Amino acid sequence: MTREEIVKLIENSLLKDEAKRALLTLIIDKGLTREVIDHIKETFDNDIIDSLKEAGVDITQTEEFKSAESEFAAVAEQAKAQLDSDMSGIESEMKKVQAEMGQQLDDLQAQVIKDKIAE
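The name recorded for the protein in an unreviewed UniProt entry is DUF1640 domain-containing protein.

Structure representation (structure tokens):
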């Protein structure tokens, strides 16, 4: 969807005016980033869930919802573990590079001193 289509979708939706303003302001301020699109989807999802609850239907208590929520939590935990592992590897690599750079700097300083002495 284009930016204009998303704006029209929000404007023509049954969302409350404050929610519409908040989403449109977010689009203006940050553009259509992945984060903004996710926020828009979440706002619509929450509005649907709230509307169903007001009608006496609580889909959050269905087996499908609980299963999807559990699956999402597992995937999120796996992604977090992968991120932590990747960050640990990056930190280790950074320490190695810093040590190598420190050694190269020491070698360069030693060479400058040797060159000055040789003059």
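Further remarks concern the pattern of salt bridges. Per the stated rule, a full pass over the model turns up 3 salt bridges. Glu35 serves as the salt-bridge partner of Lys30, at 3.1 Å between the closest nitrogen and oxygen. As a salt-bridge pair, Asp38 and Arg34 come within 3.8 Å of each other at their nearest N and O atoms. Remark: Arg34 and Asp38 occur in helix H3 (residues 34-54); sequence separation between them is 4 residues, near one turn of the helix. On the basis of relative accessible area, Asp38 is assigned to the partly exposed category, the value being 38%. Residue classification places Arg34 among the exposed positions, given a relative accessible area of 56%.

Turning next to H3. Under the 1.5 Å per step criterion, the end-to-end length of H3 is 30 Å for 21 residues, consistent within 8% with the ideal 30 Å. Those residues of H3 lying buried are Val36, Ile40, Thr43, Phe44 and Ile49. Looking at the buried residues of H3, the elements they touch are helix H1 (3-12), helix H2 (17-30) and helix H4 (63-118). Directly after H3, the chain includes Gly56, whose backbone phi takes a positive value near 95°.

There is a patch of nonpolar side chains on the surface, built from Leu83, Met87, Ile90 and Met94 and spanning about 370 Å² of accessible area. Within the secondary structure layout, Met87 lies in helix H4.

As a further point, take the confidence of the model for the protein. Mean pLDDT over the protein works out to 90, with 100% of the residues at or above the 70 mark. Mean pLDDT across the secondary structure elements of the protein bottoms out at H3, with 89, and peaks at H2, with 94.

Quick look at the side chain of Thr43 now. By secondary structure assignment, the location of Thr43 is in helix H3. Thr43 sits in the buried class, given a relative accessible area of 17%. Engagement of the side chain of Thr43 in a polar contact is seen with the backbone oxygen of His39, the distance being 2.9 Å. What Thr43 contacts, discounting residues up to four positions off in sequence, is Leu15, Ala19 and Leu23.

To continue, consider the nonpolar core. Judged by nonpolar contacts, Ile6, Ile10, Leu15, Leu23, Leu26, Ile27, Val36, Ile40 and Phe44 together constitute the single largest core of 9 residues. Sequence-distant contacts of Val36, that is, excluding residues within four places in its chain, are made with Leu26, Ile27, Lys30 and Gly31.

Below, the discussion takes up the environment of Arg3. Structurally, the position occupied by Arg3 is in helix H1. Sequence separation of Arg3 and Ile37 is 34 residues, and the distance between their C-alpha atoms is 10 Å. Residue contacts for Arg3: discarding those within four places in its chain leaves Ile27, Ile28, Gly31 and Leu32.

Conventions used here
- Residues numbered from 1 in each chain as written.
- Predicted model: local features only at pLDDT ≥ 70, side-chain atom pairs only at ≥ 80, totals over all residues.
- Heavy atoms only, no water.
- Salt bridge = Lys/Arg side-chain N within 4 Å of Asp/Glu carboxyl O.
- Helix = DSSP H or I, 4+ residues; strand = E, 2+ residues; numbered from the N terminus.
- Buried < 20%, exposed > 50% of the residue type's maximum accessible area, 1.4 Å probe, protein only.
- Expected span 1.5 Å × (residues − 1).
- Contact = heavy atoms within 4.5 Å.
- Patch = residues over 30% accessible without salt bridge, like charges linked within 9 Å, V, L, I, M, F, W, Y side chains within 5 Å.
- Areas by Shrake-Rupley, 256 points an atom, 1.4 Å probe, with all protein chains shown as cover.
- pLDDT = per-residue confidence, 0-100.
- Polar contact = N/O pair within 3.5 Å; in protein donor to acceptor, adjacent residues only side chain to side chain.
- Core = buried A, V, L, I, M, F, W, Y, C linked by side-chain atoms within 4.5 Å.

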